[in-house]
There are 2 protein chains.
Amino acid sequence: MTTPGTLYGVGVGPGDPELMTVKAWRLLATAKVIAYLAANGSDSTARSIAAPFLPDDAQEISIDVPMRTEREPAQAAYDLGAAEIATHLARGHDVVMLCEGDPFFYGSFMYVFERLAGSFDCVVVPGVTSVAACAAELRQPLCRRDDVLKVLPATLDADRLRDELLTCQTAAIIKVGRHFQKVKQVLSALDLITHATAITKATQQDQAIQPVEAIASDSLPYFTTIIVKV
Amino acid sequence: MTTPGTLYGVGVGPGDPELMTVKAWRLLATAKVIAYLAANGSDSTARSIAAPFLPDDAQEISIDVPMRTEREPAQAAYDLGAAEIATHLARGHDVVMLCEGDPFFYGSFMYVFERLAGSFDCVVVPGVTSVAACAAELRQPLCRRDDVLKVLPATLDADRLRDELLTCQTAAIIKVGRHFQKVKQVLSALDLITHATAITKATQQDQAIQPVEAIASDSLPYFTTIIVKV
């Protein structure tokens with residue numbers, strides 16, 4: 001009987017390929033089967049981050065996930081992708097799944113993990129998060145001593161965002177995208193707008209850093225984080 | 001005139017040397033001067049994490065920081081350490097300062113950074129945090145979709161801890177140490193004790209994972225994080 005393979009969920013970090021861990025690099029360099037998510041049929045960000053380290057001869061599994069408000073189409077895509085990964089694992093092949101940032105920090109890896117962790121060995125390799133990358137790029141310490149740090153998805157409603165911002169020293173408002181106007185209004189009302197900086201695609205080649213008060217547009221790219229020092 | 005060197009604040013990750021980034025490894029491998037903090041005269045954790053990658057011929061600056069409730073002795077130690085680093089930078093030598101986890105995530109690097117960033121070029125290389133490492137070791141996704149994640153120092157008073165825990169999906173209570181009993185009482189009162197796991201020295205060789213409800217002792221090591229799924 002074949003010993004099943006192991007599924008490795010590997011964080012590739014926020015964007016700069018050198019911010020992959022040595023462990024991620026080692027696993028990737030020897031991988032025979034590599035998997036990743038591609039949102040809405042576009043290129044996979046995780047794959048493009050890891051590109052300098054991808055072996056030429058690895059088989060690749062691209063899981064095309066439709067990102068919509070309804071969850072069913074995405075769930076069906078995770079079912080399909082997990083089944084394809086399971087086929088390789090059952091044959092005794094390890095599979096390295098590439099994940100932007102850290103696999104368990106708002107990552108889609110968990111949807112594959114929860115489908116397969118009951119049946120196969122799974123190892124999670126943590127990665128550098130976009131939040132840590134933002135602080136480094138801003139050259140601004142994120143938190144110290146007794147500070148409370150909150151990670152707040154921009155999808156939260158305005159009242160909730162306001163309440164959470166009132167009781168922390170630092171907030172990272174993530175996945176800003178089309179929620180920017182709401183976030184900006186909340187920050188203005190709290191007199192925090194001059195304490196807030198938006199970072200899009202931290203450490204990626206097209207990184208952008210802007211003070212929130214200087215941004216006129218109604219929305220920002222999805223992969224934008226606003227760091228607020230309260 | 002000599003061009004001054006650059007100070008690199010380099011996260012070495014939570015403990016497993018392979019969780020250093022490729023960038024940290026590259027900077028370290030070619031470093032001529034390496035600095036790190038050593039608390040209370042003991043060995044430096046950051047140095048021991050990076051030990052497999054340390055070049056033989058690098059000069060080492062150990063900054064001995066007395067960790068007490070009063071801050072003056074530590075401040076004096078940071079003054080001295082920063083001055084020694086500045087001497088090397090002024091001579092045109094780069095200095096790589098090793099930091100456990102991520103330099104700007106509750107790290108002491110910021111005290112050296114704020115003393116030198118006005119005078120010298122500083123580059124911060126983000127690292128894998130202990131919080132990401134805990135989630136990976138627990139094989140438990142940290143947060144998803146609209147979840148709010150809070151990082152709460154265990155030094156906060158019981159009322160504050162309770163209030164913050166009431167309004168999040170995941171909390172990482174860090175630096176538990178002698179505050180364990182207070183934290184345990186708060187978790188019990190909120191009926192969250194069965195949702196809480198303590199991880200000491202995540203990914204280090206003497207890592208320990210324990211359900212909080214099973215811990216009888218009054219205190220835990222300082223480098224303990226309690227992950228609470230609310």
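For clarity, every value in this text was computed on a predicted model and none was experimentally measured. (Residues numbered from 1 in each chain as written. Chains lettered and ligands numbered in written order. Predicted model: local features only at pLDDT ≥ 70, side-chain atom pairs only at ≥ 80, totals over all residues. Heavy atoms only, no water.)

Describing the overall build of chain A
Here's step 1: Helices and strands together make up the secondary structure of chain A, namely 7 helices and 10 strands.
Here's step 2: Taken over the C-alpha trace, chain A has a radius of gyration of 19 Å; the compact-globule value for 230 residues is 17 Å, and the two agree within 12%.
Here's step 3: Dimensions along the principal axes, computed over C-alpha positions, put chain A at roughly 65 × 35 × 35 Å.
Here's step 4: Of the contacts formed within chain A by residues at least 6 apart in sequence, a portion of 71% connects residues at least 24 apart.
Here's step 5: Surface accessibility of chain A: about 9700 Å² in total, with carbon and sulfur atoms responsible for 48%. (Helix = DSSP H or I, 4+ residues; strand = E, 2+ residues; numbered from the N terminus. Rg over C-alpha atoms; globule rule 2.2 N^0.38 Å. Contact = heavy atoms within 4.5 Å. Areas by Shrake-Rupley, 256 points an atom, 1.4 Å probe, with all protein chains shown as cover.)

With respect to the relation of the copies chain A and chain B
Look at the two chain copies: a rotation about an axis and a shift along it is all it takes to match them.
Here's step 1: Rotating chain A by 180° and translating it 0.0 Å along the rotation axis places it on chain B, where the RMSD comes to 0.0 Å. Look at the turn and shift together and you get a two-fold axis relating the two. No C-alpha of chain A lies nearer the rotation axis than that of Thr-21 of chain A, which sits 1.9 Å from it. (Least-squares fit on C-alpha atoms with pLDDT ≥ 70 in both.)

Re the interface of chain A and chain B
Here's step 1: Counting from both sides, the interface comprises 53 residues of chain A and, opposite them, 53 residues of chain B.
Here's step 2: Between chain A and chain B, the buried area comes to about 4600 Å², and carbon and sulfur atoms account for 57% of it.
Here's step 3: When the buried surface of chain A facing chain B is broken down by residue, Glu-18, Arg-139 and Arg-145 of chain A rank first, second and third, together holding 16% of it.
Here's step 4: For the pair chain A and chain B, the interface holds 8 salt bridges.
Here's step 5: Two residues, Glu-18 of chain B and Arg-26 of chain A, come together in a salt bridge whose shortest N-O distance is 2.5 Å.
Here's step 6: Applying the counting criterion to the chain A and chain B interface returns 32 residue pairs in polar contact (both at pLDDT 80 or more). (Buried area = accessible area lost by both parts, 1.4 Å probe. Salt bridge = Lys/Arg side-chain N within 4 Å of Asp/Glu carboxyl O. Polar contact = N/O pair within 3.5 Å; in protein donor to acceptor, adjacent residues only side chain to side chain.)

Some details on helix H4 (residues 109-116) of chain A
Here's step 1: By the criterion of burial, H4 of chain A is predominantly enclosed, with 6 of the 8 residues buried.
Here's step 2: Burial in H4 of chain A covers these residues: Phe-109, Met-110, Tyr-111, Val-112, Phe-113 and Leu-116 of chain A. (Buried < 20%, exposed > 50% of the residue type's maximum accessible area, 1.4 Å probe, protein only.)

What to know about the environment of His-195 of chain A
Residues and elements named next belong to chain A.
Here's step 1: Looking at the secondary structure, you find His-195 in the loop between helix H7 (180-189) and strand E8 (196-200).
Here's step 2: Through-space distance from the C-alpha of His-195 to that of Pro-141 is 13 Å; in sequence the pair is 54 residues apart.
Here's step 3: Leaving out residues up to four positions away in the same chain, His-195 has contacts with Ile-227, Val-228 and Lys-229.

Remarks on unusual backbone geometry
Residues and elements named next belong to chain A.
Here's step 1: Of note, Arg-139 is a non-glycine position whose phi angle comes to about 55°, a positive value.
Here's step 2: Tracing the sequence through the fold places Arg-139 in the loop between helix H5 (130-138) and strand E6 (149-153).
Here's step 3: Since its relative accessible area comes to 38%, Arg-139 is described here as partly exposed.

Some remarks on the domain arrangement of chain A
All names here are of chain A.
Here's step 1: By the assigned domains, chain A splits into domain 1 (6-125) and domain 2 (130-229).
Here's step 2: Domain 1 puts 8 residues into the contact, and the matching count from domain 2 is 11 residues.
Here's step 3: Across the interface of domain 1 and domain 2, roughly 730 Å² is buried in total on both sides, 63% from carbon and sulfur atoms.
Here's step 4: It is Pro-14, Phe-105 and Tyr-106 that lose the most area in domain 1 upon contact with domain 2, and together they represent 62% of the buried surface on that side.
Here's step 5: The interface formed by domain 1 and domain 2 holds 0 salt bridges in total.
Here's step 6: If you look at where domain 1 meets domain 2, you find 3 residue pairs in polar contact (both at pLDDT 80 or more).
Here's step 7: When grouped by side-chain class, the residues that make up the side of domain 1 that touches domain 2 number 4 nonpolar, 2 polar and 2 charged. (Domains from an automatic or database assignment. Nonpolar A, V, L, I, M, F, W, Y, C, P; charged D, E, K, R; others polar.)

Examining the side chain of Thr-129 of chain B
Residue and element names in this part refer to chain B.
Here's step 1: Within the element layout of this structure, Thr-129 appears in the loop between strand E5 (121-125) and helix H5 (130-138).
Here's step 2: Thr-129 gets classed as buried once you look at its relative accessible area, which sits at 10%.
Here's step 3: There is a polar contact of 3.2 Å between the side chain of Thr-129 and the backbone nitrogen of Ala-132.
Here's step 4: Setting aside anything within four residues of it in sequence, one finds Thr-129 in contact with Pro-14, Asp-102 and Phe-105.

A short note on the side chain of Lys-150 of chain A
Here's step 1: As for its placement among the helices and strands, Lys-150 of chain A is situated in strand E6.
Here's step 2: Polar contacts involving the side chain of Lys-150 of chain A include one to the side chain of Thr-167 of chain A, which spans 2.6 Å.
Here's step 3: At 3.0 Å, the side chain of Lys-150 of chain A and the side chain of Glu-164 of chain B are in polar contact.

So, the packing of helix H6 (residues 158-165) of chain B against helix H7 (residues 180-189) of chain B
Residues and elements named next belong to chain B.
Here's step 1: Two elements in contact, H6 and H7, have axes whose closest approach is 10 Å; the angle formed by their N-to-C orientations is 45°. The orientation of H6 relative to H7 falls into the category oblique. Seen from above, H6 lies across H7 with right-handed handedness. Here Ala-158, Leu-161, Arg-162 and Leu-165 of H6 come into contact with H7, specifically with Lys-182, Val-183, Val-186 and Leu-187.
Here's step 2: The residue makeup of the contact of H6 with H7, split by class, is 6 nonpolar, no polar and 2 charged. (Axes fitted to C-alpha atoms, helices over the stretch in contact; angles between N-to-C directions. Parallel < 35°, antiparallel > 145°, perpendicular 65-115°, else oblique. Left-handed = near helix turned anticlockwise from the far one by under 90°.)

So, the packing of helix H3 (residues 72-90) of chain B against helix H4 (residues 109-116) of chain B
All names here are of chain B.
Here's step 1: Running from amino to carboxyl end, H3 crosses H4 at an angle of 55°, the nearest separation of the two axes being 9 Å. Between H3 and H4, the angle falls in the class oblique. Considering the relative orientation of H3 and H4, their crossing is right-handed. For the pair formed by H3 and H4, the contact residues are Gln-75, Tyr-78, Asp-79, Ala-82, Ile-85, Ala-86 and Leu-89 on the first element and Tyr-111, Val-112, Arg-115 and Leu-116 on the second.

Digging into the nonpolar core
Here's step 1: Ranked by size, the top nonpolar core spans 88 residues in total, and within it Leu-7, Ile-85 and Met-97 of chain A together with Leu-7, Ile-85 and Met-97 of chain B carry the most contacts.
Here's step 2: Apart from the residues within four sequence positions on either side, Leu-7 of chain A is in contact with Ile-85, Leu-89, Val-95, Met-97, Phe-109, Val-112, Leu-116, Asp-121, Cys-122 and Val-123 of chain A.
Here's step 3: One finds Val-148 and Leu-192 of chain A together with Leu-152 and Val-212 of chain B within the second-largest nonpolar core, a separate group that totals 47 residues. (Core = buried A, V, L, I, M, F, W, Y, C linked by side-chain atoms within 4.5 Å.)

A closer look at the sheet that holds strand E5 (residues 121-125) of chain A
All names here are of chain A.
Here's step 1: Spatial strand order, E3-E2-E4-E1-E5: 5 strands in an open sheet with parallel pairing. Either end of the sheet is taken by a strand with one partner, and the two such strands are strand E3 (59-65) and E5. Going from strand to strand, the sheet's axes swing by 20° on average, the running direction of each strand aside.
Here's step 2: Note: strand E2 (residues 33-39) against E3, 7 bridges, orientation parallel. Within the sheet, the bridge partner assigned to Tyr-36 lies in E3 and is Ser-62. (Pairing = 2+ DSSP bridges.)

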